[in-house]
Amino acid sequence: MPSPMTSPSSDPAQQAPSAPHPAPGPQPAPRAASAAPSDLAPDRSGFAITARHGEKARAGVIRTPHGDIATPAFVPVGTKATVKAVLPQAVADLGAQAVLANAYHLYLQPGHDLVDEAGGLGAFMNWPGPTYTDSGGFQVMSLGAGFKKVLSSEFSGGEKARTASGEDDAVAEGKERLAHVDDDGVTFRSFINGDVHRFTPEISMQIQHGLGADIMFAFDELTTLMNSRPYQEQALERTRLWAIRCLAEHRRLTIERDTKPYQQLWGVIQGAQYEDLRRKASRDLGAMEVDDQVFDGFGIGGALEKENLGTIVGWVTDELPEDRPRHLLGISEVDDLFIAVAAGADTFDCVSPSRVARNSAVYTRTGRVNLTGSRYRRQFAPIDETCDCFTCTHYTAAYIHHLFRAKEILSATLCTIHNERFVVRLVDEIRASIASGDFDALREERTGAYYGEAR
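Reading the values: rules and limits
Residues numbered from 1 in each chain as written. Predicted model: local features only at pLDDT ≥ 70, side-chain atom pairs only at ≥ 80, totals over all residues. Heavy atoms only, no water. Core = buried A, V, L, I, M, F, W, Y, C linked by side-chain atoms within 4.5 Å. Buried < 20%, exposed > 50% of the residue type's maximum accessible area, 1.4 Å probe, protein only. Helix = DSSP H or I, 4+ residues; strand = E, 2+ residues; numbered from the N terminus. Contact = heavy atoms within 4.5 Å. Pairing = 2+ DSSP bridges. Axes fitted to C-alpha atoms, helices over the stretch in contact; angles between N-to-C directions. Parallel < 35°, antiparallel > 145°, perpendicular 65-115°, else oblique. Nonpolar A, V, L, I, M, F, W, Y, C, P; charged D, E, K, R; others polar. Salt bridge = Lys/Arg side-chain N within 4 Å of Asp/Glu carboxyl O. Phe/Tyr/Trp six-rings, centres within 6.5 Å; stacked < 30°, edge-to-face > 60°. Lys NZ or Arg CZ within 6 Å of the ring centre and 35° of its normal. Left-handed = near helix turned anticlockwise from the far one by under 90°.

Overview of the nonpolar core
Grouped together as the largest cluster of nonpolar side chains are 79 residues, with contacts concentrated most on Leu265, Phe295, Leu328, Leu337, Phe348, Ile430 and Ile434. At 8 residues, helix H15 (residues 410-436) tops the list of elements feeding residues into this core. Apart from the residues lying within four places of it in its own chain, the contact partners of isoleucine 430 are Pro72, Leu337, Phe338, Val341, Phe439 and Leu442.

Printed below as a string of structure tokens:
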């Protein structure tokens, strides 16, 4: 069914033809460029800054073989090669420019070799645009410690995260440790059937090359806010050494698979809440080079306290090269997006919009609400009358309230479309405001309406 909302093809960055893969044979990976988009060679990936606002906020374009990504951009998460409950075409219709899948989950099921045989992640899931894959490090460690998706909040200082085993090897209450890290990699048990597996930097690169994403992340060790300072230092050095190995293996695989489109590799910045460690990691990975191979961009990872988000991102962007993009892993809240963009982040992903949608929580211009509440039983109007998504232009809150009460699966589909569109549209507005010089005004207006006061 056609949707009246704006499609991603209305963005000029999405109208450029896909770039062909690099010529066969050994060659250095493309370095990011700070030139205008038209100056970027059509057969190489790259990044160009197109507008700036304030000290660090910027708009730009990331080029990939499967299309351009206009930044800032929100990237919906399709963990197992699907944004849960939503067709890939619907994800495109709501304006998403790219999707991010999970290397850990796709390695376990159906296997990166099968996805490779299918033509890569995009072809496998019938998604024509750019794709990201993470390295699997977060899932290996968070699922291995039994914390699943609540790792960051549980390690933000609460007693629930502490166990008799100590801070540096904590596991969730009633769980056994399923992942063990050493200097070479991580041994872990599958959460599906208990089989033992091994991830190393090289294996992570092999999996992600097989998945064929346009943008991949280096294998890193996830730490938490509860880890001791000595362990943070140890893990940071381990991640630095793993990053060198990732670059080397990425180069080897790029040469070996020279008939495939070039895949960008982004390094991951860790260091938890420590300024010196975050800055050191940023300098180390920003300058890292192995046989002419450098990181094409960077991910800012690890557990972050919300109140320190802008400060930590600012430490990192102070040190990273200006001419390469930065991805902040795991944020989608309205105030966090403005804070992160102001601090110099370019792209974002988060499972929250789709996860909370399946539990009847939806975003509106004036805050988040729960559609199972009795006030929506007779609300014969859209969830949000200011929203242009397919759900809000075709269905009432009363109908969706009924779907949740009746436990109908369609409820998850309609609310996921709405939530993903809400975040994608907001970040699109942020991008436009950087070009127009209205970023501060937009921030005040949107956060003021959403939270009841500007943030």
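Having seen it, we continue.
Some words on the sheet that holds strand S1 (residues 46-53)
Pairing in this open sheet of 3 strands is antiparallel, and the strands run S1-S2-S3 from one edge to the other. Across the chains shown, the open sheet's two edge strands, defined by having one partner strand only, are S1 and strand S3 (67-71). Along the sheet, successive strands turn relative to each other by an average axial angle of 15°, direction set aside. Of the pairings in the sheet, the one linking strand S2 (residues 57-64) to S3 comprises 5 bridges and is antiparallel in character. Opposite threonine 64, over in S3, you have glycine 67 as the bridge partner.

Re the sheet that holds strand S8 (residues 186-189)
The sheet built from 3 strands is open, its strands ordered S7-S8-S9 with antiparallel pairing. This sheet does not close on itself; its edge strands, each paired only once, are strand S7 (179-181) and strand S9 (196-199). Pairwise comparison of adjacent strand axes, ignoring direction, gives a mean angle of 15° for this sheet. Pairing analysis gives 3 bridges linking S7 to S8, with the strands arranged antiparallel. Pairing of alanine 179 across the sheet is with phenylalanine 188, part of S8.

Things to note about the side chain of threonine 416
For threonine 416, the position within the fold is in helix H15. Judged by relative accessible area, threonine 416 falls into the buried class, the value being 0%. Each residue touching threonine 416, except ones within four places of it in the same chain, is listed here: Val83, Lys84, Val86, Ser354, Ala357 and Arg358.

Thoughts on the packing of helix H8 (residues 229-256) against helix H9 (residues 275-287)
The contact between H8 and H9 brings their axes to 11 Å, and the two run at 10°. Classified by the angle between their axes, H8 and H9 sit roughly parallel to one another. Contacts from Arg229, Gln232, Glu233, Leu236, Glu237, Arg240 and Ala243 of H8 reach H9 at Asp276, Leu277, Lys280, Ala281, Asp284 and Leu285. Within the contact of H8 with H9, the residues separate by chemical class into 5 nonpolar, 1 polar and 7 charged.

Notes on helix H14 (residues 397-405)
For the α-helix, the turn length of 3.6 residues means that residues three or four positions removed from each other point alike. Within H14, burial applies to Ala397, Ala398, Ile400, His401, Leu403 and Phe404. Where H14 is buried, its residues meet helix H12 (352-357), helix H13 (390-394) and H15. A positive backbone phi angle near 60° is found at lysine 407, which sits one or two residues after H14.

Observations regarding the environment of isoleucine 203
Secondary-structure assignment places isoleucine 203 in helix H7 (residues 201-211). Residue isoleucine 203 is classed as partly exposed on the basis of its relative accessible area, which comes to 26%. For isoleucine 203 and phenylalanine 219, which are 16 residues apart along the polypeptide, the C-alpha to C-alpha distance reads 9.2 Å.

Considering the pattern of salt bridges
The full count for this structure, using the stated rule, is 34 salt bridges. Ionic pairing is found between arginine 446 and glutamate 445, a salt bridge with its closest N-O pair at 2.8 Å. Residue classification places arginine 446 among the buried positions, given a relative accessible area of 14%. Given the relative accessible area of 40%, glutamate 445 is considered partly exposed.

So, the packing of aromatic side chains
On inspection of all chains with the given rule, the structure shows 16 aromatic pairs. Relative to phenylalanine 199, the ring of phenylalanine 188 lies with its centre 5.0 Å away and its plane at 80°, an arrangement referred to as edge-to-face. Taken together, the residues span a long stretch of sequence, with phenylalanine 188 in strand S8 and phenylalanine 199 in strand S9 at a distance of 11 residues. Across the pair, phenylalanine 199 and phenylalanine 188 agree in class, each one buried. Linked through ring pairs, Tyr104, Tyr107, Phe188, Phe191, Phe199, Phe219 and Trp242 together constitute an aromatic cluster. Note that arginine 229 overlies the ring of tyrosine 274, its terminal NZ or CZ placed 4.9 Å from the centroid.

Some thoughts on the packing of H7 against H8
Running from N to C, H7 and H8 cross one another at 40°; their axes reach a closest spacing of 8 Å. In terms of orientation, H7 lies oblique with respect to H8. Viewed along their axes, H7 and H8 form a crossing whose handedness is right-handed. Facing H7, whose interface residues are Pro201, Glu202, Met205, Gln206 and His209, H8 presents Trp242, Arg245, Cys246, Glu249, His250, Arg252, Leu253 and Thr254. Broken down by class, the residue content of the contact of H7 with H8 amounts to 5 nonpolar, 4 polar and 4 charged.

Considering unusual backbone geometry
In this structure, proline 72 follows threonine 71 across a cis peptide bond, with omega equal to 0°. Residue proline 110 is reached from glutamine 109 by a cis peptide bond, and omega for that bond is 15°. Along the chain, the position of proline 110 falls in the loop between helix H2 (103-108) and helix H3 (112-117). Even without being glycine, alanine 272 reaches a positive phi, approximately 50°. Tracing the backbone through its elements, the reader meets alanine 272 in the loop between strand S11 (264-269) and H9. Of note in the backbone geometry, serine 360 takes a positive phi value of approximately 75° without being a glycine. By the element assignment, serine 360 lies in the loop between H12 and strand S17 (361-364).

Everything listed is a geometric property; what it means functionally is a separate question.
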